[in-house]
Amino acid sequence: MFYRPTKAYINLPALRHNLHIAKSLAPNSKVLAVIKANGYGHGICRVAQQLVGADGFGVASIDEALLLRQKGFLHRILLLEGLFSEIELPLAVQNRLDIVIHSMHQLQWLLRYQTASVINVWIKIDTGMNRLGFSTEQIPSVIKQLEENPNYFNIHLMSHLASADEESKSAIAFTQKQILSFQCATEAFDFPKSLHNSSGLQSYAASSYDWVRPGILLYGIGSTSTPFDKQAKLKTVMRLESAVIAIRWVEAGEFVGYGNDWRAPKRTCVAVIAIGYGDGYPRHAPTGTPVLVDGKRVPLIGRVSMDMITVDITEHYERIHIDSLATLWGEGLSVDEVAKFAKTISYELLCGITSRVPMVEIQ
Ligand SMILES: *Cc1c(COP(=O)(O)O)cnc(C)c1O
């Protein structure tokens, strides 16, 4: 029973709309919709269902991929970090999963496996992020080994941008260096290629190659370097909602919440909202983090509790009452903005919605 007012509303048409936007940014590329981490916290099957128009899905683990297969999705499904263990390989091949290889040990697994099935392999190239991938110098040899193996490998080449969402001169220079490095490492090969995540797609669309891999954009969050009000074309997918469950006046000098963290500078009307870090609302959101109550922006005050937060509604106390609607993020208050206050990123907040929060689909 969903009596507790805390809910995450998932706007399904917005997902389809955002996929459209992704396609229009790179009209000549295929779209691999990234739906790892349970669809960035929105529910992987729910999200996949709306994104059937994508050319493939990107996930982080074989169990996410198998879940999609079980639900009947016949799309290409790419394991973005490849296999974590050699024993996953037969399962991946049987289920026609696309596999990233980023390291020698993964290459060895493929080379010593025997199969009559075609395996879609995505060779990950490290172009400067220094997280995953073969060095650009290793690529010709990796390709040669795959081509000379008795198995048939359908090869793709990919890399990942580290700073495409940042606007500083040094970040732009770094991204351009990565783009150039990818181009140099791959131009001799006529395989399908893929470089862009959401921010690459938005800021460097000219280098979109054959496949783009948008994630966060599909959930309605623009490149973090784009001002909140300029992200207009995308539609917010998740609205995190709760309600006011108590209202009180505190006198100047009185404290509110754990640790006596906030002290009233003047007589203040405080509303308690039924959401907290137990729901995935960030505990580090400081005093001043905006919350929409009955459509009005009001500041969070004091510490975030497990099940509750407190906000200052002094300016609007006449219209706010028990059960007034509170929006923690959604339309009118970007999750990105809340994330900035909490010194994190929208991705972490979206993925962090906990299982006790019911998800309600908006058709
Ligand atoms: C997660 C991921 C993406 C999607 O990134 P966004 O910033 O959410 O668009 C793309 N490519 C790879 C390899 C990823 O791991």
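Here the structure is a predicted model, which is why all the values come from computation and not from measurement.

A. Highlighting the overall build of the protein chain. For the protein chain, the count of helices and strands is 11 helices and 18 strands. Taken over the C-alpha atoms alone, the protein chain extends approximately 80 × 45 × 35 Å along its principal axes. Looking at the protein chain residue by residue over its 363 residues, the buried ones come to 54%. Side chains of the protein chain give 35 positive and 34 negative charges; the mean places of these two sets differ by 2 Å.

B. A look at the side chain of Asp98. If you trace the backbone, Asp98 turns up in strand β5 (residues 98-101). Accessibility expressed as a relative area gives 1% for Asp98, which makes it buried.

C. Fine view of the packing of aromatic side chains. A complete count under the given rule lists 8 aromatic pairs for this structure. Taking the centre distance of 5.9 Å and the plane angle of 40° together, the rings of Tyr40 and Tyr347 count as tilted. Pair noted here: Tyr40 is in helix α2 (residues 36-40) and Tyr347 is in helix α11 (residues 346-351), with a separation of 307 residues, a long-range link. For Tyr347, a relative accessible area of 30% puts it in the partly exposed group. Summarising the aromatic geometry, the rings of Trp249 and Tyr317 are spaced 4.9 Å apart at their centres and angled 75° between planes, so their arrangement reads as edge-to-face. Of this pair, Trp249 sits in strand β10 (residues 238-250) while Tyr317 sits in the loop between β16 (309-312) and β17 (325-329), placing them 68 residues apart in sequence. Residue class for Tyr317 comes out partly exposed when judged on its relative accessible area of 38%. Members of the aromatic cluster, connected to one another through ring pairs, are Tyr40, Tyr219 and Tyr347. Over the ring of Tyr9 we find Arg239; its NZ or CZ atom is 4.7 Å from the centre of that ring. Directly above the ring of Trp249 sits Arg267, whose terminal nitrogen or CZ lies 4.4 Å from the centroid.

D. A look at the site of the ligand. Lining the immediate surroundings of the ligand are 13 residues, of which Lys36, Tyr40, Ser198, Ile216 and Tyr347 lie closest. Here an oxygen atom of the ligand sits 2.6 Å away from a polar atom, N or O, in the side chain of Tyr347. Considering the ligand on its own, with 390 Å² of exposed area, one finds that the protein chains cover 94% of that surface. Of all the cavities here, the one that holds the ligand is the largest pocket. In the shell around the ligand, the residues fall into 6 nonpolar, 4 polar and 3 charged.

E. Looking closely at the domain arrangement of the protein chain. For the protein chain, the assigned domains read domain 1 (12-224) and domain 2 (238-362). Each of domain 1 and domain 2 has a C-alpha centre, and the two are 37 Å apart. Across the boundary between the two partners, domain 1 contributes 12 residues, which contact 11 residues of domain 2. In this assembly, domain 1 packs against domain 2 so that about 1100 Å² is buried in total across both faces, 62% of it on carbon and sulfur atoms. Our count for the contact surface shared by domain 1 and domain 2 stands at 1 salt bridge. Across the salt bridge formed by Glu361 and Arg46, the nearest N and O atoms sit 2.6 Å from each other. On inspection of domain 1 and its partner domain 2, the count reaches 2 residue pairs in polar contact (both at pLDDT 80 or more). Within the residue set of the side of domain 1 that touches domain 2, elements represented by two or more residues are α1 (12-25) and α2. A breakdown of the residues in the side of domain 1 that touches domain 2 according to their chemical character gives 7 nonpolar, 4 polar and 1 charged.

F. Looking closely at the side chain of Lys193. In this fold, Lys193 is placed in strand β8 (residues 193-194). No salt bridge is formed by the buried Lys193; its nearest oppositely charged neighbour, Asp190, is found at 5.9 Å. There is a polar contact of 2.9 Å between the side chain of Lys193 and the backbone oxygen of Thr186. Excluding residues within four positions of it along the chain, Lys193 makes contact with Leu157, Phe182, Thr186, Glu187, Tyr209, Asp210 and Trp211.

G. Region of the structure containing unusual backbone geometry. The phi torsion at Ala37 lies on the positive side, around 50°, for a residue other than glycine. Relative to the helices and strands, Ala37 resides in helix α2. Taking the relative accessible area as the measure of exposure, Ala37 reaches 37% and is therefore partly exposed. You will see that Arg96, though not glycine, has its phi angle at about 50°, which is positive.

H. Highlighting the pairing of β5. Side chains of β5 alternate between two faces, with Asp98 and Val100 and Ile99 and Ile101 buried alike. In this structure, strand β4 (residues 76-79) lies alongside β5, joined through 2 bridges in parallel fashion. Looking across to β5, one finds that Leu79 is bridged to Ile99. Note that the unit made of β4, helix α5 (residues 89-94) and β5 has a crossover that is right-handed.

Criteria and cut-off values
- Residues numbered from 1 in each chain as written.
- Predicted model: local features only at pLDDT ≥ 70, side-chain atom pairs only at ≥ 80, totals over all residues.
- Heavy atoms only, no water.
- Helix = DSSP H or I, 4+ residues; strand = E, 2+ residues; numbered from the N terminus.
- Buried < 20%, exposed > 50% of the residue type's maximum accessible area, 1.4 Å probe, protein only.
- Lys, Arg positive; Asp, Glu negative; His and termini not counted.
- Charge placed at Lys NZ, Arg CZ, Asp CG, Glu CD.
- Phe/Tyr/Trp six-rings, centres within 6.5 Å; stacked < 30°, edge-to-face > 60°.
- Lys NZ or Arg CZ within 6 Å of the ring centre and 35° of its normal.
- Near = heavy atom within 4 Å.
- Polar contact = N/O pair within 3.5 Å; in protein donor to acceptor, adjacent residues only side chain to side chain.
- Areas by Shrake-Rupley, 256 points an atom, 1.4 Å probe, with all protein chains shown as cover.
- 1 Å grid on protein atoms, 1.4 Å probe; cavity = no way out; pocket = protein on both sides within 12 Å on 5 of 7 lines; lining within 4 Å.
- Sits in = over half its atoms within 2 Å of the grid points.
- Nonpolar A, V, L, I, M, F, W, Y, C, P; charged D, E, K, R; others polar.
- Domains from an automatic or database assignment.
- Contact = heavy atoms within 4.5 Å.
- Buried area = accessible area lost by both parts, 1.4 Å probe.
- Salt bridge = Lys/Arg side-chain N within 4 Å of Asp/Glu carboxyl O.
- Pairing = 2+ DSSP bridges.
- Right-handed = clockwise from strand over helix to strand, strands pointing away.

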